[in-house]
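Summary of the model geometry
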Amino acid sequence: MEDIIYKILGAILTIITAFVVGITYGGLTRKVIARVQNRVGPKFYQNFFDVLKLLSKRTAINHGVMQHFAPMFIFTSAVTVLMFIPILHDGLFFSNFSFHGDLIFLLYIMPFGPLGMALGAGQTGNPNSAIGVTRGLSQMVGFEIPFVLSLVALMVQFETTSVTEIVNIQVESGVWMIFSNPFAFLAALFAMFGMFRYAPFDIVGAPAELASGPASEFGGKYLAIMMSSSSIFTFAKLVLYVNLFFGGAENLVELLIKTFILYMVPVVYGLVSPRYRTEQSITYFWKWPLALGVIGMIWAII
Amino acid sequence: MNTYFVVLLILFGGAIISFAINKVSYLLSGIVAFIATASATVFFYLNVDTDNFVQFSLAGFDFQWGLNSLSLLFTYIVLGLGTLATLYSIQYMRFKNNLGYFYFNFLLGIGSMMGILFSQDFISFFIFWEIMTWSSYLIVVYNGNKTHKIGIKYMIFSGIGAYAMLMSIVMIYADVKSFLIADYIDYISQVGLSGHYLQIILLIVGFGVKSALMPLHVWAPKAYANSPMGYTSLFSGALSKMGVYGLSIVLLSLLTNFNTGENVSLGGLFEGINAEFIRIIVQWLGAITAVMGTLYALKQNDAKKLLAYSSIAQLGYIITGLAIGTELAVMGALFLAVLHAIFKGALFMAMGAVERQAGTTDMTKISGLVRKMPFTFIVTLMSIIALAGIPPLGGFVGKWLLYEGMITSGHYFLVVLIFFSSTAAFLYCYRILFGIFLGQEEKETINVREAPISMLIPMLLLAILTMVFGTYPGLLFEPIANAMSYIGYNDVVWEMSTISNVWGDKVSLDYVSLTIFTVFIVAMIFLTIKNYKGTRYVTTKDISTSGEMPTENENLTFQLNFFQPFERAVAPLYKRSMDKIYNTIGESLDALFNFVRTIYTGNGQTYALYVIVFLVIMLIFKDSIFN
């Protein structure tokens, strides 16, 4: 009985942590982008206010049940991914279900949310939404290739597909994956650019082109749920990267430092880049990132 | 009387009765077909016995019929899907002509597939195989003149497969002096594989045609898309699995088990071939089939053709899994084989429902059916999730086993290829959902209604099955483990709802389903109470378009060139097509035959002229020829 209570408490604590960290990172990103563009920018906690404001709004219209379900799909997917990733190495509250899933499972649960979202966006009938979705899916095919190559290299090198095991091996040997297989890490880093969708890969939302794409028909509480889900999802993905390549984290402070540095890479890269066309953003991942992934895999096999 | 005879008698008898009874009433024919398959199913599973073998002699050949655990696994597909497909067809075929012809071939198909699974000797195997091919051919051409060419293509490739198989059987008889499959396996286990590779390659060609293995797949897209959908669900779900059944015998019982690693020179063309080499070729062919099938699927505008290409891609995974031959990969492949029958059967049925209710499945013509056909949409959605391999539905289990089987056995580049294909599959999965059910609601589809209940029941049953197998795959692992012990994998480990690989990593599917459903339901309750109530429904024209109000007649539909950017990105892969190569061969053959026709004019006078010319030549050269 006590176990179950710990589990539930841990799960709730994890979700709250992920939400707070994710939202704060979003606010900090806005600040960073503003400073680079020589603006003052909003306060770093502005995103909290945005979510709270949106949560207090009432929605007047709907386009059908699928639209209503879409935010739940994306929330479910974000929380599920979070539950199956070990947040801290040896954490009492943060391990959740991480023993019950592995990398292949994570790879397949990750598109669950975006696909559910895509269904909702499709039902609204807004052509911009559908175009955004097709771009997002196409881009996913692009960046998944180097990502999978890098993950396979990892699995081969450590002879395990479990995230927990990979962290344990790195902690025991003291050598982080980023040093033992830098090529796989680089391939995964490139894939991350596509995953986080900052410029030049912001083709899905595409401000001033698609009018925020799939999200364009969602407002009020729906948008609040979507914002918080994407914050949780961002945090989950960052933690996954830290686990795989930076040897996990012993405590929250270490985790925050590692994730923040990692998160700033795509943000800073995006600051100086204009937007790609869709096919450019797909084929981008099939050039150097793909080559790096192949090298990383050969490195791992040898 | 023996179980096997009774089952075949029920099915073939049912075929004749439903053909004859069509004259009385259009409904009776379908009902008879349904009763026949249902009673055959019930009778078969009440009397099923894997140790029961029947032997008899006919025309000097020894026949043996029986059932092993492998064929038992495939009977679930054939009889289960067959029963549901006949039930579905009653309403689906209601307003069509030639129902007697349709149901006759339908039941003949099911009966012959059962016959293939019963056969323990090559002769009856081949006979039933041919009955299956012919009955399916007759249904492919059911839709009239425009299917004529499609039928010919199907027949040519089936012919190639059948002759390859027949040749192999003759060669096997010359070696073994027996037609029994078990004798052949025994024989190979004693003398080894060397010197018998040609037989095995020919068998792989024969089975590869039916399971749409590249480069023998070109008949499949059109044949699947142009048959009546009630039959296509069986065609793609069960009939193609007969190829998989054959391949699993050849690739696993023969190639994997008795692969001694020897490299025997056969001389000439077959220099340096060994079992490993054949398996690697088949693995890569399967993976390339998967990739190309997916890429062509996402180009299609017709949902039926899209699904047909997707079937080819899925069969590619299965064949790759079989050819890899490790325990995990084979388990994944067999799991996917059953799952593919379930979800692709459901998908083709759903498309049939759309075709019947809305008149077409062309995604550029219809869209926005979700509010009109909600149940069909749910079935399509669940089957698509299973097809895409997203947890918590069944497809994920098969994909997971397949990937882990490949990674743990060292097929790293193959796994990337398969992964590319299955990620690109998300694209066409979304295409079919969006194209038919979502998007702008058009005026043309305003009168569309939900399909009749007798069509919905089989679809919903199949959709529920994908969900059950997603959480409790152990229900299916049990027969699969038995089947694998028959082909030589002893002590296959399985658990009810946990899947694990040889490195000891596992996924607990009950935890996965628990998390997903809990979070989803909590979020749904919160949002529905807080947000959904009190909202009103607005049409798909009432959307945010930067302050402008779209008018009723404004076209906001987005269906053409759906994945154009992606198609541009992978354009080099579209350049070569097996179909084009075959068509070029066909055209040059055509030209050759046209030339031959100028000699063989069909005119008696010309032939008389040839005789005279020949005689004259003989007379002139008689000295030099006869000396």
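Residues numbered from 1 in each chain as written. Chains lettered and ligands numbered in written order. Predicted model: local features only at pLDDT ≥ 70, side-chain atom pairs only at ≥ 80, totals over all residues. Heavy atoms only, no water.

The number of helices and strands found in chain A is 13 helices and one strand. Listed by position from the N terminus, the elements making up chain A come as α-α-β-α-α-α-α-α-α-α-α-α-α-α. Here chain A has a C-alpha radius of gyration of 19 Å; the compact-globule value for 302 residues is 19 Å, and the two agree. Dimensions of chain A along its principal axes, counting C-alpha atoms only, are 55 × 50 × 40 Å. Relative to its full complement of 302 residues, chain A shows a buried share of 63%. When contacts within chain A are restricted to residue pairs at least 6 apart in sequence, long-range pairs at least 24 apart make up 80% of them. Considering chain A, the positive charge centre built from 17 side chains and the negative charge centre built from 15 side chains are found 19 Å apart. (Helix = DSSP H or I, 4+ residues; strand = E, 2+ residues; numbered from the N terminus. Rg over C-alpha atoms; globule rule 2.2 N^0.38 Å. Buried < 20%, exposed > 50% of the residue type's maximum accessible area, 1.4 Å probe, protein only. Contact = heavy atoms within 4.5 Å. Lys, Arg positive; Asp, Glu negative; His and termini not counted. Charge placed at Lys NZ, Arg CZ, Asp CG, Glu CD.)

Here we come to the interface of chain A and chain B. Across the contact, 75 residues belong to chain A and 71 residues belong to chain B. Among the residues of chain A in contact with chain B, A:Asn62, A:His100 and A:Tyr108 are the three that bury the most area, contributing 11% of the side total. In this structure, the connection of chain A to chain B is made through one salt bridge. A salt bridge links A:Glu279 to B:Arg568, with the shortest nitrogen-to-oxygen separation between them at 2.9 Å. At the boundary of chain A with chain B, the tally comes to 11 residue pairs in polar contact (both at pLDDT 80 or more). Among the elements of the structure, strand 1 (61-62), helix 3 (65-83), helix 4 (103-109), helix 5 (112-123), helix 6 (127-158), helix 10 (220-245), helix 12 (278-284) and helix 13 (288-301) of chain A are those that each provide at least two residues to the side of chain A that touches chain B. When residues in the side of chain A that touches chain B are grouped by element, the largest group, 16 residues, is from helix 6 of chain A. Residue classes in the side of chain A that touches chain B are distributed as 45 nonpolar, 22 polar and eight charged. Looking at chain direction, strand 1 of chain A and strand 5 (residues 536-537) of chain B are connected through two bridges and run parallel. (Buried area = accessible area lost by both parts, 1.4 Å probe. Salt bridge = Lys/Arg side-chain N within 4 Å of Asp/Glu carboxyl O. Polar contact = N/O pair within 3.5 Å; in protein donor to acceptor, adjacent residues only side chain to side chain. Nonpolar A, V, L, I, M, F, W, Y, C, P; charged D, E, K, R; others polar. Pairing = 2+ DSSP bridges.)

All names here are of chain A. Enumeration according to the criterion identifies 11 salt bridges over all chains in this entry. We note a salt bridge from Glu209 to Arg135, for which the minimum N-O separation is 2.6 Å. With Glu209 in the loop between helix 9 (182-196) and helix 10 and Arg135 in helix 6, the pair connects residues that are 74 residues apart, well separated along the chain. Take Glu209: its relative accessible area is 38%, and that puts it in the partly exposed class. For Arg135, a relative accessible area of 12% puts it in the buried group.

What follows concerns helix 11 (residues 252-271) of chain A. Residue and element names in this part refer to chain A. The terminal C-alpha atoms of helix 11, which comprises 20 residues, lie 28 Å apart, in line with the 28 Å expected from a rise of 1.5 Å per residue. The set of residues buried in helix 11 consists of Leu255, Lys258, Thr259, Leu262, Tyr263, Met264, Pro266, Val267 and Gly270. Along its buried surface, helix 11 packs onto helix 1 (2-36), helix 9 and helix 10. (Expected span 1.5 Å × (residues − 1).)

On to helix 2 (residues 46-55) of chain A, then. Side chains that are three or four residues apart share a direction in an α-helix, a result of its 3.6 residues per turn. Residue and element names in this part refer to chain A. Every buried residue of helix 2 is listed here: Asn47, Asp50, Val51 and Leu54. Looking straight down helix 2, one finds its buried side chains confined to an arc of 95°; they lie on one side. Tucked inside the fold, the buried residues of helix 2 contact helix 1 and helix 10. (Arc of directions from axis to C-beta.)

Tracing the backbone shows A:Asn62 in strand 1. Judged by relative accessible area, A:Asn62 falls into the buried class, the value being 4%. Of the polar contacts made by the side chain of A:Asn62, one reaches the backbone nitrogen of A:Gly64; its length is 2.9 Å. With sequence-adjacent residues up to four places away left out, A:Asn62 is seen in contact with A:Gln67, B:Tyr532, B:Thr535, B:Arg536, B:Tyr537 and B:Val538.

With that settled, consider the domain arrangement of chain B. When the domains of chain B are assigned, the result is domain 1 (1-270), domain 2 (274-507) and domain 3 (577-626). A straight line from the C-alpha centre of domain 2 of chain B to that of domain 3 of chain B covers 51 Å. (Domains from an automatic or database assignment.)

Structurally, the position occupied by B:Thr423 is in helix 16 (residues 412-437). Sequence-distant contacts of B:Thr423, that is, excluding residues within four places in its chain, are made with A:Met140, A:Val141 and A:Glu144.

Turning to the confidence of the model for chain B, a few remarks are in order. All names here are of chain B. When pLDDT is averaged along chain B, the result is 83, and 95% of the positions lie at 70 or above. Here strand 1 (residues 54-58) stands out as the least confident element of chain B, with mean pLDDT 77; helix 14 (residues 374-388) is the most confident, with 90. Across residues 259-271 the pLDDT falls below 50, and counting only partners more than four positions away or on other chains, this stretch makes 19 contacts in the model. (pLDDT = per-residue confidence, 0-100.)

Before going further, it helps to examine the packing of aromatic side chains. Tallying each qualifying case throughout the model produces 71 aromatic pairs over all chains. Through a chain of ring-to-ring contacts, the aromatic side chains of B:Tyr101, B:Phe102, B:Tyr103, B:Phe106, B:Tyr142, B:Tyr154, B:Trp219, B:Tyr224, B:Tyr231 and B:Phe235 assemble into a single cluster. The ring of A:Phe196 carries A:Lys237 above its face, with NZ or CZ at 5.1 Å from the centroid. Directly above the aromatic system of B:Tyr574 lies the positively charged group of B:Lys299, at a separation of 4.2 Å from the ring centroid. (Phe/Tyr/Trp six-rings, centres within 6.5 Å; stacked < 30°, edge-to-face > 60°. Lys NZ or Arg CZ within 6 Å of the ring centre and 35° of its normal.)

With their axes 10 Å apart at the nearest point, helix 5 of chain A and helix 16 of chain B run at an angle of 30° to one another. Between helix 5 of chain A and helix 16 of chain B, the crossing angle belongs to the class labelled roughly parallel. Judged by the twist between their axes, the crossing of helix 5 of chain A over helix 16 of chain B is right-handed. Two secondary-structure elements touch here, helix 5 of chain A through A:Leu115, A:Ala118, A:Leu119 and A:Gly122 and helix 16 of chain B through B:Phe426, B:Tyr430, B:Leu433 and B:Phe434. (Axes fitted to C-alpha atoms, helices over the stretch in contact; angles between N-to-C directions. Parallel < 35°, antiparallel > 145°, perpendicular 65-115°, else oblique. Left-handed = near helix turned anticlockwise from the far one by under 90°.)

This paragraph deals with a nonpolar patch on the surface. Residue and element names in this part refer to chain B. Where nonpolar side chains cluster on the molecular surface, the patch consists of Ile581, Ile585, Leu589, Leu592, Phe593, Phe595, Val596, Ile599, Tyr600, Tyr607 and Tyr610 and spans about 1000 Å² of accessible area. Listed by contribution, the elements that provide at least two residues to the nonpolar patch are helix 22 (578-599) and helix 23 (604-626). No other element matches helix 22, which puts eight residues into the nonpolar patch. In this fold, Leu589 is placed in helix 22. A residue is classified by how much of its surface remains accessible, and Leu589, at 39% relative accessible area, is partly exposed. (Patch = residues over 30% accessible without salt bridge, like charges linked within 9 Å, V, L, I, M, F, W, Y side chains within 5 Å. Areas by Shrake-Rupley, 256 points an atom, 1.4 Å probe, with all protein chains shown as cover.)

Residues and elements named next belong to chain B. Bridge count between strand 1 and strand 2 (residues 61-65): five bridges; the pairing is antiparallel. Bridge pairing in strand 2 links Leu58 to Phe61. Hairpin remark: strand 1 followed by strand 2, antiparallel, with two residues in the connecting loop; positive phi at Ala59, about 55°.

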